[in-house]
Amino acid sequence: MLTGEMFVGAARVSGSGKEVRSRDPRTGEELEPGYRYGGAAEVARAASLAEEAFDVYRATDSETRAAFLERIADEIGALAEPIVERAVLETGLPQARLTGEVGRTTGQLRLFAATLREGSWHGARIDPAQPDRTPLPRADIRQRRVPLGPVAVFGASNFPLAFSVAGGDTASALAAGCPVVVKAHDAHLGTSELVASAVRAAVVACGLPEGVFSLLVGDGPELGTRLVTDPRIQAAGFTGSRRAGLALASAAASRPQPIPVYAEMSSVNPVVLLPDALASRGADLGAAFVASLTLGAGQFCTNPGLVLAVEGPGLDEFLFAAAEAVRADQGGTMLTLGIAGAYASGQDRLAGRPGVTELARGEAGSAAACGGAALLTVDGSRFTAELQEEVFGATSLVVRCADQAELLGVVRALEGQLTATVHASEADEPLAAALLPVLERKAGRILFNGWPTGVEVGHAMVHGGPFPATSDSRTTSVGSLAIERFLRPVAYQDVPAALLPPVLRDGNPEGVWRRIDGELSRD
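Residues numbered from 1 in each chain as written. Predicted model: local features only at pLDDT ≥ 70, side-chain atom pairs only at ≥ 80, totals over all residues. Heavy atoms only, no water.

As annotated in an unreviewed UniProt entry, the protein carries the name 2,5-dioxovalerate dehydrogenase and is attributed to Amycolatopsis deserti.

Here's what the structure looks like:
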């Protein structure tokens, strides 16, 4: 079933560059088939096809695009067994986790189909003409959102399905009316080919232009830069390291016509333990914290890599329970040999910072790509910017603050985050009230009395945050709001009624909610 080829529009293509293979991270074994890197020719062809497809695809109605997204979900579902089987080999992730990720991937495709049918994504607004207004009449002005153009999407290492070929970036861009060119991640090339074949089947079944979707394989920095600097690409979605995300954003900003890069990059997801909660359930919190820390070998973008708390008996109980749980952890298979090596280096670098003490270390495991958990501590007075560096894996630093004032000072010094978690009891609410406005400036999602691992796909979710969590804190990469990244507003002034887009015509033929003269209405 696997051919080792890319999809450039309707054509299966083998590149002329270096041949690479994904590896089983449990054994280090190279997996067949090999994939040859594409380069300038493949990027140019894919981008050209996407540009050719854009005007046709953007003109499709909501029902056509919704049916297309649902067909992709159906095609992925039909291939679920071989997709999961291959993904297990390429990532070392358990079958149950990947089966769930298939469901999440198809579920978010269906979420965007429902969003399209509901219609508020149009952002329709109408200010009717007021010819008799004084001192000046008002023109008839109507507004809707239109798609940006072809979008480049970069597959993520840690979610081979939900944040990759047909993941949230692709689903939201296609929903917006934007053709997509995906750069597959080298860690899961076979999985990417299988999912791409499902998307291609949906393109054919729905009678859409071939350039609506392409899948490329290539050197990350080189092919990625070519993609975001191709003049036909109008936006990009990325999940990965801060270094790679900033490189793409810089390349896109240096174009004659800069484009937005929506990059999810770096977050340590601080957990703040307030005094009364610690005093009443410190040991339970310690065990639950480590369960969140070690989930997926610490390779979720929301694993808690930083804990902040005030000194006291409750904190001692927390640390004792957390240390016991870390020592008992058997370690996990990491996604790639490279990620495992970077984790070991990052873990040692953090442990070697001035003032940092190692409290506990777990087993590393026996896989070729393995990583053990670690728990470190530092006094609040020694907390520095360097201690916020993300260590992608199951390592966390506990900051022991002398008092509440020092705790608030450390929170104010934090970089931008995807999440911030607060554990509080009723007695902690005055302190929590002082903390909440600070956290609003720091994070895209604030949780109380829970754990950040696990991101619900829905309408209210925000998976984003201030820099360096993302390159643009105004949006999200998860949930229906993600569609807005790939849309822009256009106003139509005194346009003849017959030429108006249907969503802006009198009588509301699409039946969507619109803001008419400032009031929401379905008229």
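Still to come is the rest of the account.
Asker: Go over the overall build of the protein, please, and point to the residues and values.
Answerer: Along the protein, the regular secondary structure elements total 13 helices and 23 strands. Against the globule reference of 24 Å for 523 residues, the protein gives a C-alpha radius of gyration of 25 Å, in line with a compact fold. Judged by the C-alpha coordinates and their principal axes, the protein covers about 75 × 65 × 40 Å. Taking all 523 residues of the protein together, 56% fall into the buried category. Put simply, the protein shows about 20,300 Å² of open surface, and 52% of that area lies on carbon and sulfur atoms. Considering the protein, the positive charge centre built from 46 side chains and the negative charge centre built from 61 side chains are found 5 Å apart. (Helix = DSSP H or I, 4+ residues; strand = E, 2+ residues; numbered from the N terminus. Rg over C-alpha atoms; globule rule 2.2 N^0.38 Å. Buried < 20%, exposed > 50% of the residue type's maximum accessible area, 1.4 Å probe, protein only. Areas by Shrake-Rupley, 256 points an atom, 1.4 Å probe, with all protein chains shown as cover. Lys, Arg positive; Asp, Glu negative; His and termini not counted. Charge placed at Lys NZ, Arg CZ, Asp CG, Glu CD.)

Asker: Give a detailed account of the packing of aromatic side chains, specifying residues and quantitative values.
Answerer: Within the structure shown, the criterion is met by seven aromatic pairs. Among the aromatic residues, those joined into a ring-pair cluster are F159, F163 and F300. The ring of F159 has R97 sitting right over it, with the charged end atom 4.7 Å from the ring centre. A cation sits over an aromatic face here: R104 above F159, 5.5 Å from the ring centre. (Phe/Tyr/Trp six-rings, centres within 6.5 Å; stacked < 30°, edge-to-face > 60°. Lys NZ or Arg CZ within 6 Å of the ring centre and 35° of its normal.)

Asker: Lay out the sheet that holds strand β20 (residues 443–448) with the relevant residues and their values.
Answerer: The seven strands lie next to each other as β15-β17-β18-β13-β12-β19-β20, forming an open sheet whose pairing is mixed. This sheet does not close on itself; its edge strands, each paired only once, are β15 (357–361) and β20. Each neighbouring strand pair of the sheet contributes to a mean axis angle of 20°, computed without reference to strand direction. Its contacts with the sheet place helix α12 (residues 404–412) against β12 (270–273), β13 (306–310) and β18 (395–401), and it is angled at close to 155° to β13. In the packing of helix α13 (residues 429–440) onto the sheet, contacts are made with β12, β19 (417–423) and β20, and the angle to β20 comes to roughly 155°. (Pairing = 2+ DSSP bridges. Axes fitted to C-alpha atoms, helices over the stretch in contact; angles between N-to-C directions. Contact = heavy atoms within 4.5 Å.)

Asker: Quick one: what's the story with the UniProt feature "domain: Aldehyde dehydrogenase" (unreviewed entry) in the protein, residue by residue and with numbers?
Answerer: Those residues carrying the UniProt feature "domain: Aldehyde dehydrogenase" (unreviewed entry) are residues 15–458 in this numbering. Across residues 15–458, helical content stands at 43% and strand content at 18%; the span's end C-alpha atoms are separated by 38 Å. (UniProt positions renumbered as here; feature names shortened; annotations may be inferred.)

Asker: Talk me through the pattern of salt bridges; I want residue IDs and the actual numbers.
Answerer: Going through the model one piece at a time under the given rule, you end up with 27 salt bridges. R232 serves as the salt-bridge partner of D230, at 2.9 Å between the closest nitrogen and oxygen. The class of D230 is buried, set by a relative accessible area of 8%. The structure contains a network of salt bridges with shared partners spanning E19, R21 and E32. (Salt bridge = Lys/Arg side-chain N within 4 Å of Asp/Glu carboxyl O.)

Asker: Can you explain the side chain of T294? Please cite residues and give values.
Answerer: Mapped onto the elements of the fold, T294 is located in helix α9 (residues 275–294). Take T294: its relative accessible area is 16%, and that puts it in the buried class.

Asker: Give me the lowdown on the sheet that holds strand β21 (residues 487–493), citing residues and values where you can.
Answerer: Spatial strand order, β21-β6-β5-β22-β23: five strands in an open sheet with mixed pairing. This sheet does not close on itself; its edge strands, each paired only once, are β21 and β23 (519–521). Each neighbouring strand pair of the sheet contributes to a mean axis angle of 25°, computed without reference to strand direction. Pairing of strand β6 (residues 141–147) with β21 involves seven bridges; the strand directions are antiparallel. Looking at the pairing, I141 lines up with Q493 of β21.

Asker: Provide a residue-level description of the pairing of β13, including the pertinent values.
Answerer: Counting buried positions over the five residues of β13 gives five, a clear majority of the element. Residue alternation in β13 divides its side chains into two sets, L306, L308 and V310 and V307 and A309, and both sets are buried. In terms of strand pairing, β12 meets β13 through four bridges, oriented parallel. When the bridges of β13 are listed, V272 appears paired with L308. With α9 bridging β12 and its parallel neighbour β13, the resulting β-α-β unit is right-handed. Of the pairings in the sheet, the one linking β13 to β18 comprises five bridges and is parallel in character. (Right-handed = clockwise from strand over helix to strand, strands pointing away.)

Asker: Help me get a handle on the environment of R474, residues and values and all.
Answerer: Inspection of the secondary structure puts R474 in the loop between β20 and β21. The spatial distance from the C-alpha of R474 to the C-alpha of Y262 is 10.0 Å, given a sequence separation of 212 residues. Reaching out from R474, the side chain makes a polar contact with the side chain of D472 at a distance of 2.8 Å. (Polar contact = N/O pair within 3.5 Å; in protein donor to acceptor, adjacent residues only side chain to side chain.)

Asker: Explain a negative patch on the surface to me, and be specific about the residues and the numbers.
Answerer: A cluster of acidic residues, E51, E52, D55 and E210, forms a negative patch at the surface. The residue E210 is located in the loop between α6 (189–205) and β9 (213–216) in this model. (Patch = residues over 30% accessible without salt bridge, like charges linked within 9 Å, V, L, I, M, F, W, Y side chains within 5 Å.)

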